[in-house]
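# Structure assessment
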Amino acid sequence: MMSHLSGLPMWLDILLTTLLAIGVAFAVIGSWGLAKLSDFFKRLHGPTKATTLGVGCVLIASALYFSLRLGKPSLHEFLITLFLFLTAPVSAHLLIKAAMKLDPALRPRPPANSPQPGESRDPHEQSSEGRGVATDLSGTDR
Amino acid sequence: MILSAALPWLTGVLAVALLLACYRLLRGPGLADRILALDTLYINSCALLVLLGIYFDTELYFEAALVIGMLGFAGTVVLSKFVLRGDIVE
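Residues numbered from 1 in each chain as written. Chains lettered and ligands numbered in written order. Predicted model: local features only at pLDDT ≥ 70, side-chain atom pairs only at ≥ 80, totals over all residues.

## Side note on the overall build of chain A
Rule in force here: By the criteria applied, helices consist of DSSP H or I runs no shorter than four residues and strands consist of E runs no shorter than two, each listed in order from the N terminus. In this description, a residue-residue contact is defined by the distance between C-beta atoms placed from the backbone, which must lie within 7 Å.
Counting its secondary structure elements, chain A contains 4 helices and 0 strands. Walking chain A from its N terminus toward its C terminus, one meets helices and strands in the order α-α-α-α. The long-range fraction of contacts in chain A, counting pairs at least 24 apart against all pairs at least 6 apart in sequence, stands at 49%.

Structure (structure tokens):
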């Protein structure tokens, strides 16, 4: 099963092992941060390292290995990296909004001279929904 | 030679990363922590599948990693949207 890995040149061997080790190390660092930190917003920072550097290094190693194995450049691994780079901010944003909805105590305090809930922030604004229903200070989702 | 000796160890270390995310999935005080742990599990599974693609010398596992990445993002978005709005498609 492993015979395909024995015929590699030495420089490629060491390079691939280094890249894979770095990628896996970042994945473990990200998960360790996720498991160990004490607050949700602190825990968000860990998996970002695993997503970008962890999967990125493993994919670079895979692209190198398969390009040199098949003889032609194989770049479709970078589709995963591109997809993760595009979608990681969106999922982080939605997760933060969900966390702030679930636990209102996590929201930061508003500044001292901001309008209270119930007053309109814009004197010319036409409100289409009842103000007494949603005391949601996180802004509109539209 | 170095790579064929190191790959089982790297797979094991990545499995430890998956177990740490499972710990947060079971422990997380609140739904948002569990959604975050699920998202991390999806991403680490992508890395594990690409690693296995090198191990087994086939390009098929990369396709599975791409699908898991896409579905993981879709799952995270759907769960967060459900928490925010109570409904997925409004």
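## Details of the overall build of chain B
Condition: We take the radius of gyration over the C-alpha atoms and set the globule estimate at 2.2 Å times the residue count to the 0.38 power. Residue burial here comes from a neighbour count, namely the number of other C-beta atoms, placed from the backbone, that lie within 10 Å of the residue's own C-beta, with 20 or more meaning buried, 12 or fewer meaning exposed, and in between meaning partly exposed.
Counting its regular elements, chain B contains 3 helices and 0 strands. Relative to the compact-globule value of 12 Å for 90 residues, chain B shows a C-alpha radius of gyration of 16 Å, a clear excess of over 25%. Counting only C-alpha atoms, chain B reaches 55 × 30 × 10 Å along its principal axes. Buried residues in chain B amount to 38% of all 90 residues. Of the contacts made within chain B by residues no fewer than 6 positions apart, 40% connect residues no fewer than 24 positions apart.

## Here's the deal with the environment of Arg69 of chain A
All names here are of chain A. Along the chain, Arg69 turns up in helix α3 (residues 45-70). A count of 16 C-beta atoms within 10 Å places Arg69 in the partly exposed class. Counting along the chain gives 22 residues from Arg69 to Ser91, while the straight-line C-alpha distance between them is 35 Å.

## Some points on the confidence of the model for chain B
So the rule is basically this: Note on scores: pLDDT gives the predictor's confidence for each residue, bounded by 0 and 100.
In this model, chain B carries an average pLDDT of 93, and 100% of its residues clear a pLDDT of 70 or more. In the model output, the complex is listed with pTM 0.82 alongside ipTM 0.91.

## Brief notes about the interface of chain A and chain B
Taken together, the contacts link 49 residues of chain A with 45 residues of chain B. Those elements that place two or more of their residues in the side of chain A that touches chain B are α1 (10-36), α2 (40-43), α3 and α4 (78-102) of chain A. It is α1 of chain A that provides the largest number of residues to the side of chain A that touches chain B, a total of 15 residues.

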